Amino acid sequence: MLRQVSAALGCLLIAGAVCAEIPPSALPPVDAGDILFKGAATGTGTQIAAIWSQGDKRWGHVGIAVANPDGNLSVIHADTGAPRQAGEVVRVSLADYLSDVGELGIYRIGLTGEARAAYLAYAEAAVGRPFDRAFSLDTDTSLYCTELIWRAMSEALGEDALPVKSERLGTVYISVSDVAGHPLLKEAAVVRAAASN
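So, how was this worked out
- Residues numbered from 1 in each chain as written.
- Predicted model: local features only at pLDDT ≥ 70, side-chain atom pairs only at ≥ 80, totals over all residues.
- Heavy atoms only, no water.
- Helix = DSSP H or I, 4+ residues; strand = E, 2+ residues; numbered from the N terminus.
- Buried < 20%, exposed > 50% of the residue type's maximum accessible area, 1.4 Å probe, protein only.
- Contact = heavy atoms within 4.5 Å.
- Axes fitted to C-alpha atoms, helices over the stretch in contact; angles between N-to-C directions.
- Parallel < 35°, antiparallel > 145°, perpendicular 65-115°, else oblique.
- Left-handed = near helix turned anticlockwise from the far one by under 90°.
- Nonpolar A, V, L, I, M, F, W, Y, C, P; charged D, E, K, R; others polar.
- Polar contact = N/O pair within 3.5 Å; in protein donor to acceptor, adjacent residues only side chain to side chain.
- Expected span 1.5 Å × (residues − 1).
- pLDDT = per-residue confidence, 0-100.
- Salt bridge = Lys/Arg side-chain N within 4 Å of Asp/Glu carboxyl O.
- Pairing = 2+ DSSP bridges.

(A) Molecular detail of the overall build of the protein chain. For the protein chain, the count of helices and strands is six helices and eight strands. Along the chain direction, N to C, the helices and strands of the protein chain fall in the order α-β-α-β-β-β-α-β-α-α-β-β-α-β. Within the protein chain, buried positions represent 44% of all 197 residues. Considering only contacts within the protein chain whose residues lie at least 6 apart along the sequence, 65% involve residues at least 24 apart.

See below:
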């Protein structure tokens, strides 16, 4: 309840904020391993990420659906954190991940067996690593959202999952559209929430 009131107050105070939420019950079936893309209009960070994408600009943030022991789903994603906080790779409930989302893309990944297990294991092992504010691909000691997905896919494949990466202003990085456009991924559904502002 407090989260909903806080979100509503935030919508009133921040002009142009996306004041929508997609409840997990509104989603089609989501499987562990599915990649969940938040719409570019979710917030300032997602808008910037979409601008830096050189392909599909609908999406601005991404996470991996993972199974909980109780059968429910969580999402692992690299969260920038609150203002003046470091941020880190976190595991959150599906409801929390969707709490600020007006549009969600659900993508299936074409990995099975040991490759899928390696992909999911990498994501699980990354929880707690700091958010990579330098957006560097030199190491995996800190990660940003698309870097997490790329590294998990690379672990599954045993090779660089994205040998051709985005580049702008002399910086090589993994954009949201690099991930969304990967041949292993297939868009399964796009879910939109009714805006409440």
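(B) Structural view of the packing of helix α4 (residues 113-126) against helix α5 (residues 145-157). Running from N to C, α4 and α5 point in directions that differ by 140 degrees, and their axes come no closer than 7 Å. With respect to α5, the axis of α4 lies oblique. The interaxial crossing formed by α4 with α5 has right-handed handedness. Residues Ala-115, Ala-118, Tyr-119, Tyr-122, Ala-123 and Ala-126 of α4 pack against Leu-148, Arg-151, Ala-152, Met-153, Glu-155 and Ala-156 of α5. Here the contact of α4 with α5 is composed, by residue class, of 10 nonpolar, no polar and two charged.

(C) Fine view of the side chain of His-77. Structurally, His-77 is set in strand β3 (residues 73-79). Side chain to side chain, His-77 and His-61 meet in a polar contact 2.8 Å long. Residue contacts for His-77: discarding those within four places in its chain leaves His-61, Val-62, Gly-63, Glu-88, Val-89, Val-90, Val-92, Tyr-97 and Leu-148.

(D) Broad picture of α5. End to end, α5 covers 19 Å across 13 residues, agreeing with the expected 18 Å (1.5 Å per residue, within 8%). Counting buried positions along α5 gives 11 out of 13 residues, so the element sits mostly inside the fold. The set of residues buried in α5 consists of Cys-145, Thr-146, Glu-147, Leu-148, Ile-149, Trp-150, Arg-151, Ala-152, Met-153, Ser-154 and Ala-156. One or two positions beyond α5, positive phi appears at Gly-158, with a value near 75 degrees.

(E) Structural context of the confidence of the model for the protein chain. The predicted model of the protein chain averages 84 in pLDDT, with 80% of residues at 70 or higher. The least confident element of the protein chain, judged by mean pLDDT, is helix α1 (residues 2-13) at 33; the most confident is α4 at 98. Every residue in residues 1-18 is under pLDDT 50, and counting partners more than four places away or in other chains gives 11 contacts.

(F) Representation of the pattern of salt bridges in the model. Using the criterion set out here, one finds seven salt bridges in the structure. For Arg-91, the salt bridge is made with Glu-124, and the minimal N-O distance between the two is 2.5 Å. Here Arg-91, found in strand β4 (residues 88-93), pairs with Glu-124, found in helix α4; they are 33 residues apart in sequence, far enough to count as distant. Judged by relative accessible area, Glu-124 falls into the partly exposed class, the value being 36%.

(G) Molecular detail of unusual backbone geometry. Phi is positive for Arg-84, close to 65 degrees, though the residue is something other than glycine. Along the chain, the position of Arg-84 falls in the loop between β3 and β4. Look at Leu-169: it is not a glycine, yet its phi comes out positive at around 55 degrees. Here Leu-169 is to be found in the loop between β6 (166-168) and β7 (171-173).

(H) Spatial organisation of the pairing of strand β1 (residues 35-39). Counting buried residues along β1, five of its five residues qualify, which places the element largely inside the surrounding structure. Looking at chain direction, β1 and strand β5 (residues 103-109) are connected through four bridges and run antiparallel. Opposite Leu-36, over in β5, you have Ile-106 as the bridge partner.

(I) Spatial organisation of the sheet that holds strand β8 (residues 185-192). Taken in spatial order, the six strands line up as β4-β3-β2-β1-β5-β8 in an open sheet, and their pairing is antiparallel. Lying at the two open borders of the sheet, with one neighbouring strand each, are β4 and β8. Looking at each pair of strands side by side, their axes are set apart by 30 degrees on average, direction ignored. Pairing of β1 with strand β2 (residues 59-67) involves five bridges; the strand directions are antiparallel. Within the sheet, the bridge partner assigned to Ile-35 lies in β2 and is Ile-64. Each of β1, β2, β3, β4 and β5 is contacted by α4, which is oriented at about 105 degrees to β2, the strand it contacts most. Running over the sheet, α5 touches β1, β2, β3, β4, β5 and β8 and is turned about 45 degrees from β2.

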